[in-house]
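Reading the structure
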Amino acid sequence: MNGFPSDWLVDAMVPASDVELALLLVNSMDLLEDPPDRLVDLQWLTHVLTRVGHAQLAGELTKRDLPRLRRLRDAMRSVFETDDDTTAAEVLNPLLVKARAVPLLTEHDGAIFLQVGLGLRGVAALEARLPAALATFVAEQGTRRLGVCGSDPCRCVFVDRTRAGTRKYCCSYCNDRYAARAYRRRRKH
Ligand SMILES: [Zn+2]
């Protein structure tokens, strides 16, 4: 069972944020893996969700959810691929409306939180929460902080948290692959 590069996440030790869950869902299609599509069944996704602190969500998914998960994955990918905030809005707004992604106040351990998808389970929760998380991210930081790996043939996506906004690769493995190819090209001359 393949895992995932931990540098996709801010901190592999805490439950992943909903933006990170969107990232993991999109990267379930990984052209460097064989086979590239790891959403032909639920094995990879439930393994990954459990590993990043979302065992309950993982347990709520069923095989019948796979077509909806793949559709959600495609839509989330297009938000990472575009550099245009208007395009992101055109993708995300209909998803938010359709999933009734309404923020509601909820109390937990004496603190109060605003939460989307309250009471929703499994794929329905993901359909509300992931677009809401990306919409919030785009509103705060813009689509330019969401990117696609520049190390061919990898098309995995990443969140650019560098101060200068200069991240180009999804993980250090891709960064090293790109650097090695550049090195070989230079040596030929
Ligand atoms: Zn990559």
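The model shown is predicted, which means the values in this text are computed figures rather than measured ones. The numbers attached to residues start from 1 for each chain and follow its sequence in the written order. Confidence filtering applies because this is a predicted model: local features only for residues at pLDDT of at least 70, side-chain atom pairs given and counted only at 80 or more, and all residues used for totals across whole chains, interfaces and linings. Processing note: side-chain calculations cover all non-hydrogen atoms of the structure and skip hydrogens and water entirely.

**Quick word on the packing of aromatic side chains**
To be explicit about the condition: Aromatic contacts are taken between Phe, Tyr and Trp rings whose centres are within 6.5 Å, Trp giving its six-membered ring; a plane angle under 30 degrees counts as stacked, one over 60 as edge-to-face, and the others as tilted. Accessibility here uses a 1.4 Å probe with only protein chains present; expressed as a share of the type maximum, an area under 20% marks a residue as buried, one over 50% as exposed, and anything in between as partly exposed.
If you walk through the whole model with that rule in mind, you get one aromatic pair. Ring centres of Tyr 169 and Tyr 178 lie 5.2 Å apart, and the angle between their planes is 35°; this geometry places the pair in the tilted category. With a relative accessible area of 15%, Tyr 169 lands in the buried category.

**Comments concerning the UniProt feature "domain: Zinc finger CGNR" (unreviewed entry) in the chain**
Convention followed: UniProt positions are given in the numbering used here, feature names are shortened, and annotations may be inferred rather than shown by experiment. Under the scheme used here, helices are H or I runs from DSSP no shorter than 4 residues and strands are E runs no shorter than 2 residues, and both carry numbers assigned from the N terminus.
Listed under "domain: Zinc finger CGNR" (unreviewed entry) in the UniProt record, and renumbered for this structure, are residues 145–187. Between the C-alpha atoms that bound residues 145–187 there is a distance of 34 Å. The span itself is 37% helix and 14% strand.

**Quick look at the coordination of the zinc ion**
Test applied: The rule for donors is simple: N, O or S, within 2.8 Å of the metal, or within 3.2 Å if the metal is Na, K or Ca. Water isn't counted, so a site may look like it is missing partners. Under the classification used here, a metal with four donors is tetrahedral if each angle lies between 85 and 135 degrees, square planar if opposite donors are over 155 degrees apart and the others between 65 and 115, a six-donor metal meeting that same test is octahedral, and anything else is irregular.
With distances of 2.3 to 2.4 Å, the protein atoms coordinating the zinc ion are Cys 149 (SG), Cys 154 (SG), Cys 170 (SG) and Cys 174 (SG). Taken together, the four donor atoms coordinating the zinc ion span angles of 107 to 116° at the metal, a pattern that classifies the geometry as tetrahedral. Mapped onto the polypeptide sequence, the residues donating to the zinc ion form the spacing pattern C-x4-C-x15-C-x3-C. Placement of the pair is Cys 154 in the loop between strand S3 (146–148) and strand S4 (157–159) and Cys 170 in the loop between S4 and helix H7 (172–188), with a sequence separation of 16 residues.

**A few points about a positive patch on the surface**
Which entries qualify depends on this criterion: The patches described consist of residues with a relative accessible area above 30% and no salt bridge, like charges being joined within 9 Å and nonpolar side chains (Val, Leu, Ile, Met, Phe, Trp, Tyr) within 5 Å. Values of accessible area rely on a 1.4 Å probe in the Shrake-Rupley scheme; residue burial ignores everything except the protein chains shown. Salt bridges are identified by distance alone: a Lys or Arg side-chain nitrogen within 4 Å of an Asp or Glu carboxyl oxygen. Within this scheme the basic residues Lys and Arg register as positive and the acidic residues Asp and Glu register as negative, but His and the chain ends are omitted. Throughout, a charge is located at the NZ atom of Lys, the CZ atom of Arg, the CG atom of Asp or the CD atom of Glu.
A surface patch of like charges, here positive, comprises Arg 184, Arg 185, Arg 186 and Lys 188. For Arg 186, the position within the fold is in helix H7. For Arg 186, a relative accessible area of 57% corresponds to the exposed category.

**Considering the nonpolar core**
Stated precisely, the cut-off is as follows: Here the nonpolar core consists of buried residues drawn from Ala, Val, Leu, Ile, Met, Phe, Trp, Tyr and Cys, with membership extended through side-chain atoms lying within 4.5 Å.
Membership of the largest hydrophobic core comes to 49 residues, with the highest contact counts inside it found for Leu 21, Leu 69, Met 76, Leu 134 and Cys 170. Elements supplying a minimum of two residues to this core: helix H1 (18–26), helix H2 (43–51), helix H3 (55–60), helix H4 (66–81), helix H5 (85–98), helix H6 (122–141), S3 and S4. Top contributing element to this core by residue count: H6, with eight residues. If you look at the next biggest cluster of nonpolar residues, it comprises six residues, including Ala 99, Ala 101, Val 116 and Ala 128.

**Brief notes about a negative patch on the surface**
A surface patch of negative charge is lined by Asp 83, Asp 84, Asp 85 and Glu 90. For Glu 90, a relative accessible area of 58% puts it in the exposed group.

**Some points on the packing of H4 against H5**
When two helices pack together, their arrangement is given by the angle between the helix axes and the distance between those axes. Note the following rule: Axis definition: a line fitted to C-alpha atoms, limited for helices to the stretch in contact. Angles are taken between N-to-C directions and run from 0 to 180 degrees. What sets the label is the angle itself: under 35 degrees gives roughly parallel, over 145 gives roughly antiparallel, 65 to 115 gives roughly perpendicular, and the rest give oblique. With the far helix as reference, a near helix turned anticlockwise by less than a right angle produces a left-handed crossing, and one turned clockwise produces a right-handed crossing. Throughout, a residue-residue contact means that at least one pair of heavy atoms, one from each residue, lies within 4.5 Å. Lys, Arg, Asp and Glu make up the charged group, whereas Ala, Val, Leu, Ile, Met, Phe, Trp, Tyr, Cys and Pro make up the nonpolar group; the residues left over, Gly among them, are polar.
Close contact between H4 and H5 brings their axes to 9 Å; oriented N to C, the two are set at 150°. Here H4 is positioned roughly antiparallel relative to H5, judged by the angle of their axes. Two packed elements cross with a definite hand, and for H4 against H5 that hand is left-handed. Judged by residue contacts, Ala 75, Met 76, Ser 78 and Val 79 of H4 engage Ala 88, Val 91, Leu 92 and Leu 95 from H5. Across the contact of H4 with H5, the residue classes tally to seven nonpolar, one polar and no charged.

**Some remarks on the pairing of strand S1 (residues 103–108)**
To keep things clear, this is the line we draw: Note on pairing: DSSP must find at least two bridges between two strands before they are called paired.
Here six bridges tie S1 to strand S2 (residues 111–116), and the two strands are oriented antiparallel to one another. Note that in S2 the partner of Pro 103 across the bridge is Val 116. Counted along the chain from S1 to the antiparallel partner S2, the turn is two residues long, and its residue Asp 109 has a positive phi close to 55°.

**What to know about the side chain of Arg 38**
We count it as follows: Polar contacts, as counted here, are pairs of nitrogen or oxygen atoms within 3.5 Å of one another; within protein the pair requires one atom able to donate a hydrogen and one able to accept it, and residues that are adjacent in sequence qualify only if both atoms are side-chain atoms.
For Arg 38, the position within the fold is in the loop between H1 and H2. A residue is classified by how much of its surface remains accessible, and Arg 38, at 9% relative accessible area, is buried. In terms of polar contacts, Arg 38 uses its side chain to reach the side chain of Asp 30, at 3.5 Å.

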